[in-house]
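Commentary on secondary and tertiary structure
Read off the chains here:
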Amino acid sequence: MTQYRFKIALVGESGVGKSQFISVLGEGYNEHITPSVMSRWIGKKVNIEGHLIDINVWDRPGRTQYLSKDISSSYKNMGVVCVMYDVNNSDSMEEVKKWVNEVKSYAIKNPIIYLVGNKSDTCTDLISLTDLSSSNYNGIVEHVHSFANEYNYKHIMISNKNKKDVMQVLTIAGTDLMKDHAKFNISSMSSAIPCACSDKTIQKLVMLENNLLHHSETISESEKRIKELEKDIQKLKKNRYSY
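Residues numbered from 1 in each chain as written. Predicted model: local features only at pLDDT ≥ 70, side-chain atom pairs only at ≥ 80, totals over all residues. Heavy atoms only, no water.

**Side note on the packing of helix α1 (residues 18–25) against helix α5 (residues 163–179)**
With their axes 10 Å apart at the nearest point, α1 and α5 run at an angle of 95° to one another. With respect to each other, α1 and α5 are oriented roughly perpendicular. Contacts between α1 and α5 pair Phe21, Val24 and Leu25 from the former with Lys163, Val166, Met167, Val169 and Leu170 from the latter. For the contact of α1 with α5, the per-class residue count stands at seven nonpolar, no polar and one charged. (Axes fitted to C-alpha atoms, helices over the stretch in contact; angles between N-to-C directions. Helix = DSSP H or I, 4+ residues; strand = E, 2+ residues; numbered from the N terminus. Parallel < 35°, antiparallel > 145°, perpendicular 65-115°, else oblique. Contact = heavy atoms within 4.5 Å. Nonpolar A, V, L, I, M, F, W, Y, C, P; charged D, E, K, R; others polar.)

Below is the structure:
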């Protein structure tokens, strides 16, 4: 087992790019990806100053009807929360504030908060991921940047089309988390291991999600699939893993 393991959450409105972020870390950029209706995760290894650390990245659904009623549990053991927004959406500033307030209200461990502007490929004069001072961004990004400065949050610009950007977010997060690893390291916690959920169970979840989204199976078929998943989840609970 890796000595250091951390959890990162991606939160934000539906369509800002959270699912695509996960996809880029896994199978790659997907032009036809659909918004998540359930939490997804992916594990990546990142080398931070000679330490090979595990980072589990969790994608929370942006649509209110798909969020867990127990909001606090979805932030359990999170070391970093990336509040993601669309740099072209005029409502981004209010949405960012809403999600930041949720994190501050429900995340018990007071995780590090990043504001992550996605779709930076549509902005002009991009200088770097974190240095926005000399770039001519639109007013949306400027407002978010002022908010980040006011509360001392890191403001990071990315494009999900560029895997280098996505991986650099993990590097920035890993560096910050290692500075306070005593607080955020979850390597010794059994609840930190999402891989307790078998590949077969994940395949069932993905298949159910896709079928529900595209109405490609009958109600009775979906109900049968849900019952199978409930059995899998009960097994996970018996093993005392957090899913």
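**Focus: the sheet that holds strand β2 (residues 40–48)**
The six strands are arranged β2-β3-β1-β4-β5-β6 in an open sheet whose pairing can be described as mixed. Every other strand in the sheet has two partners, leaving β2 and β6 (154–157) as the edge strands with one partner each. Averaged over all adjacent pairs, the angle separating strand axes in this sheet is 25°, with direction ignored. Looking at chain direction, β2 and strand β3 (residues 51–59) are connected through nine bridges and run antiparallel. Residue pairing across strands places Lys45 opposite Asp54, the latter belonging to β3. Running at roughly 165° to strand β4 (residues 78–86), helix α3 (residues 92–106) makes contact with β1 (5–11), β4 and β5 (112–118) of the sheet. (Pairing = 2+ DSSP bridges.)

**A closer look at the nonpolar core**
In terms of nonpolar packing, the biggest core is built from 30 residues, with Phe21, Ile53, Val57, Cys82, Tyr114 and Leu170 touching the most fellow members. When contributions to this core are tallied by element, the ones reaching two or more residues are β1, α1, β2, β3, β4, β5 and α5. It is α5 that provides the largest number of residues to this core, a total of seven residues. Judged by nonpolar contacts, the second largest core, of 24 residues, contains Val83, Val96, Trp99 and Ile113. (Core = buried A, V, L, I, M, F, W, Y, C linked by side-chain atoms within 4.5 Å. Buried < 20%, exposed > 50% of the residue type's maximum accessible area, 1.4 Å probe, protein only.)

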